[in-house]
Amino acid sequence: MNVAIVGGGYAGVAAAIELNRLGYGDDVTLFDARLRHQKITQWHKLARGRHAHHYEVAFSHLAQRFNFRFVHKAVDMKRVTTDPAAELGRNFGAIILAHGSHTPAHPPGVITLDQLRDDQASQHLVNNLAHESIAVIGGGPTGVQFAFEFAARGNSVDLYEARDRLLPTFDASLGFTALKAAYAAGIRVHLLTEFLRFENGSIICSAGGTEETRQTRHVLFVPGVKSTPAYTCDVYGRLEYQNGGRFYAAGDNSHIPGPGLNTKSAQAAVRKGQHVARTVIADLTGKAARAYTYPELGYFVSLGPANAVGYVLSQKTAFSGPVALFMKEAIEKQYNLYLEGLPVYP
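Student: In this structure, what is going on with unusual backbone geometry? I would like to understand it.
Tutor: Comment: phi is negative for the bulk of residues other than glycine, and the bulk of peptide bonds are trans. Unlike most non-glycine residues, L167 shows phi in positive territory, near 45 degrees. With respect to the element layout, L167 can be found in the loop between β9 (156-161) and α8 (172-184). A positive phi angle, near 50 degrees, is found at L192, a position not held by glycine.

Structure representation (structure tokens):
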């Protein structure tokens, strides 16, 4: 009974941990192009001057702790579904595709989240950015969190969002709270403004069909992420329309129909990874699998070192302030304990 996991993000690591909890850790091989698992939802703290290694764990350490085998390899995602044995070096009874998402195509001269993950020069710049000017493209959680961190260090910050509010995938109350806090922090917010390009120290945008030009020293490009390829699964996490073999998907690159949480978030990725691991064992042992039904419990976004906004159970319950900040930090610590081997995600 051999299981391959392609991708060591939140979903892939959660699948490996769950398979080990179920007693099958020794049968798991995890493939990833990086040497370290990255807690990417905490990456905005690089703008506080914190170094990336605080938010990384070596796969070799996780492999020892959770009894799986780690292979440092960039897997060809097309080839792995057409000729898995050739791409992975051996036959596997089940293959979990958990490669996650990445920054979409971006213009030259900007910093992307993918660059911050791998490029030490970009990390050094963000670690030390203070009293300069920076434009943040994207008013989702990542862009909002970085914008507040930059502002807290005395930078002149412009935050651009193409839609009509910040945090546009959430209830309007969260976006309004973030907008109010942004104004208080001195962040200039440009809604309904589309980024076009960055050249010669100028950012060119379009607002209402009119081009606007503003001077800025740096640009952080975080308009969201894209999953390529992305997979539609059945309610158990199995790939639909697969040509033989046992393929499953978890994380940002998967959509599992039904009432379960499908957002591009660490919370959803962890729960999908756990769920698919259980489905794999059920299939390989001839037992009945269960449908994915995990409900959203809440979500919190940092608004700098001393504030946050979020909700519990319902987006209509949005709140900010010290309690929200406590919840945000508690969620981060919960995941840290999970990687230490504590059963904090039942």
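Now, onward.
Student: Would you mind going over helix α10 (residues 322-339) with me for this structure?
Tutor: Residues spaced three or four apart along an α-helix point in a common direction, a consequence of the helix completing one turn every 3.6 residues. Over its 18 residues, α10 extends 26 Å from the first C-alpha to the last, a length consistent with the 26 Å expected when each residue adds 1.5 Å. Within α10 the residues assigned to the buried category are A324, L325, K328, E332, Y335, Y338 and L339. Considered in projection along α10, the buried side chains sweep an arc of 155 degrees and stay on one side of the axis. Facing away from the buried surface of α10 by more than 90 degrees, the exposed residues are P322, V323, F326 and K333. Two residues or fewer past α10, G341 is found with a positive phi of approximately 105 degrees.

Student: Which parts of the structure should I look at to understand the nonpolar core?
Tutor: One broad rule of soluble globular proteins: the nonpolar side chains tend to lie buried together. Judged by nonpolar contacts, the single largest core of 36 residues is most densely connected at V136, F146, F150, V157, L167, I187 and L220. At the level of secondary structure, the elements contributing two or more residues to this core comprise α5 (113-118), β8 (133-137), α7 (141-152), β9, α8 and β19 (308-312). In contact with V136, not counting residues within four places along its chain, are G143, A147, F150, V157, D158, L159, Y160, L220 and V222. Counting residues in each nonpolar core, the second largest holds 34 residues, with Y10, A98, I281 and Y338 among its members.

Student: Sorry, what's going on with the sheet that holds strand β10 (residues 188-191) here?
Tutor: Consider a sheet: its strands pair through backbone hydrogen bonds, and that pairing is either parallel or antiparallel. One open sheet holds the 5 strands; their spatial order is β7-β14-β8-β9-β10, and the pairing between them is parallel. Each edge of the open sheet carries a strand with a single partner, namely β7 (111-112) and β10. With 4 bridges joining them, β9 and β10 adopt parallel strand pairing. Of the residues in β10, the one forming a bridge with L159 is V189. Helix-sheet contacts for α7 involve β8, β9 and β14 (218-221), and the interaxial angle to β9 is about 165 degrees.

Student: What exactly am I supposed to notice about the pairing of β9 here?
Tutor: Side-chain positions along a regular strand alternate between the two faces of the sheet. The buried fraction of β9 is high, at 5 of 6 residues. Here β8 pairs with β9 via 5 bridges, running parallel. Pairing of V136 across the sheet is with L159, part of β9. Between β8 and its parallel partner β9, the chain crosses via α7, and the hand of that crossover is right-handed. In this fold, the crossover linking β9 to β10 by way of α8 has right-handed handedness.

Parameters and conventions
- Residues numbered from 1 in each chain as written.
- Predicted model: local features only at pLDDT ≥ 70, side-chain atom pairs only at ≥ 80, totals over all residues.
- Heavy atoms only, no water.
- Helix = DSSP H or I, 4+ residues; strand = E, 2+ residues; numbered from the N terminus.
- Expected span 1.5 Å × (residues − 1).
- Buried < 20%, exposed > 50% of the residue type's maximum accessible area, 1.4 Å probe, protein only.
- Arc of directions from axis to C-beta.
- Core = buried A, V, L, I, M, F, W, Y, C linked by side-chain atoms within 4.5 Å.
- Contact = heavy atoms within 4.5 Å.
- Pairing = 2+ DSSP bridges.
- Axes fitted to C-alpha atoms, helices over the stretch in contact; angles between N-to-C directions.
- Right-handed = clockwise from strand over helix to strand, strands pointing away.

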